Amino acid sequence: MDPDSVKSTLSNLAFGNVMAAAARDYQKEVLAQEKAQASSSVNQDIDLDELMDDPELEKLHADRIAALKKEAEKRQALKRQGHGEYREISEGDFLGEVTGSEKVICHFYHREFYRCKIMDKHLKSLAPRHIDTKFLKLDAENAPFFVTKLGIKTLPCVIFFRNGVASDRLVGFQDLVGKDDFSTRTLEGLLLKKGIIKENKEEEDDDSYGERNRTVRSSINPDSDSD
C-alpha cells in the first residue's frame, strides 16, 4: 500500500472524528440551553406565584386601600361642611361658616356690580376643584356689620380666612392684571400663590373652567364698583 495514501486516509479519518465530536458537543450545548430556558420559565412562574402571596405586597395594597378610604371619608366630611360648591350665605351665617373650616374664601359682592359677576363666575368654577377650601359669597348690602368690621371699601372684595382669622384679600382686580377678561386659571394661580387653595393634581385644559370670561353685560358702569 502506498504510504502517502495510508497517511491521507488516516488524516481524513482523524478530521472526521474531530468534526463528529464537535457536532456532538454543539448538540449538547443546544440541549443544555433549552433545558436552562425551560427551567427559567418554571422559576418565573414560581416567582410570580410567590409575589401574589407576598405579605409585604399585600400590606402595601391594604395601606393603599385604607388611604383611599380615608381620603373619601375626608371629602364627604368636607362636603357636609359646605365645601365643594360656591354658596351664598347670610350675615347671620357668616361667623359660623368662616370659623367652621380651616380655609375659607368669601366674596363680598354687590348684585348689580359688573365685576362682582365676573368674580362670581370664576369662583363658581374653582369651588368643586378645590374641595379643601370653602367658597362663599355674601351680599355686602345685607352685611353692613362685617363690611365695616373688615374695612371693606371696594367691591368685589374677596377675603381669605384661616381658622376663622382674615389673613389676606383681593380688592377689585388690581392683582389680576387689572382687566376684566382674566381667565379662571389666572385667578387660580393667584390663589395658589397665596396658599389659600392647594395644587390640583388633575391636569385640565383651560376650557374646563369655561371659556375666557366674556364681558358680562350690565347697565352699571364698571368703574362704579365700590360702595
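Just above sits the structure.
In this text, all values refer to a predicted model and were calculated from it rather than measured experimentally. (Residues numbered from 1 in each chain as written. Predicted model: local features only at pLDDT ≥ 70, side-chain atom pairs only at ≥ 80, totals over all residues. Heavy atoms only, no water.)

Engineer: Talk me through the pairing of strand E2 (residues 103-109); I want residue IDs and the actual numbers.
Structural biologist: Along E2, seven of the seven residues are buried, which leaves the element largely enclosed by surrounding structure. Burial of the side chains of E2 extends over both faces: Lys103, Ile105, His107 and Tyr109 are buried on one face and Val104, Cys106 and Phe108 on the other. In terms of strand pairing, E2 meets strand E4 (residues 157-162) through six bridges, oriented antiparallel. In the sheet register, phenylalanine 108 faces E4, and the bridge partner there is cysteine 157. The β-α-β motif built from E2, the intervening helix H4 (residues 114-126) and the parallel element strand E3 (residues 134-139) has right-handed crossover chirality. (Buried < 20%, exposed > 50% of the residue type's maximum accessible area, 1.4 Å probe, protein only. Helix = DSSP H or I, 4+ residues; strand = E, 2+ residues; numbered from the N terminus. Pairing = 2+ DSSP bridges. Right-handed = clockwise from strand over helix to strand, strands pointing away.)

Engineer: With reference to specific residues and values, describe the state of the cysteines.
Structural biologist: Here the structure, examined in full by the defined rule, presents zero disulfides. Unpaired in terms of disulfides, cysteine 116 finds its nearest cysteine sulfur in cysteine 157, a separation of 9.6 Å. Its relative accessible area of 0% is what places cysteine 116 among the buried residues. With no disulfide partner, cysteine 157 has as its closest neighbouring cysteine sulfur the one in cysteine 106, 9.1 Å distant. (Disulfide = S-S within 2.5 Å.)

Engineer: Break down unusual backbone geometry for me, with residues and values.
Structural biologist: Looking along the chain, the bond that leaves leucine 155 and enters proline 156 is cis, with omega of 0°. In this structure, asparagine 163 is a non-glycine residue whose phi angle is positive, near 50°. One can find asparagine 163 in the loop between E4 and strand E5 (165-171).

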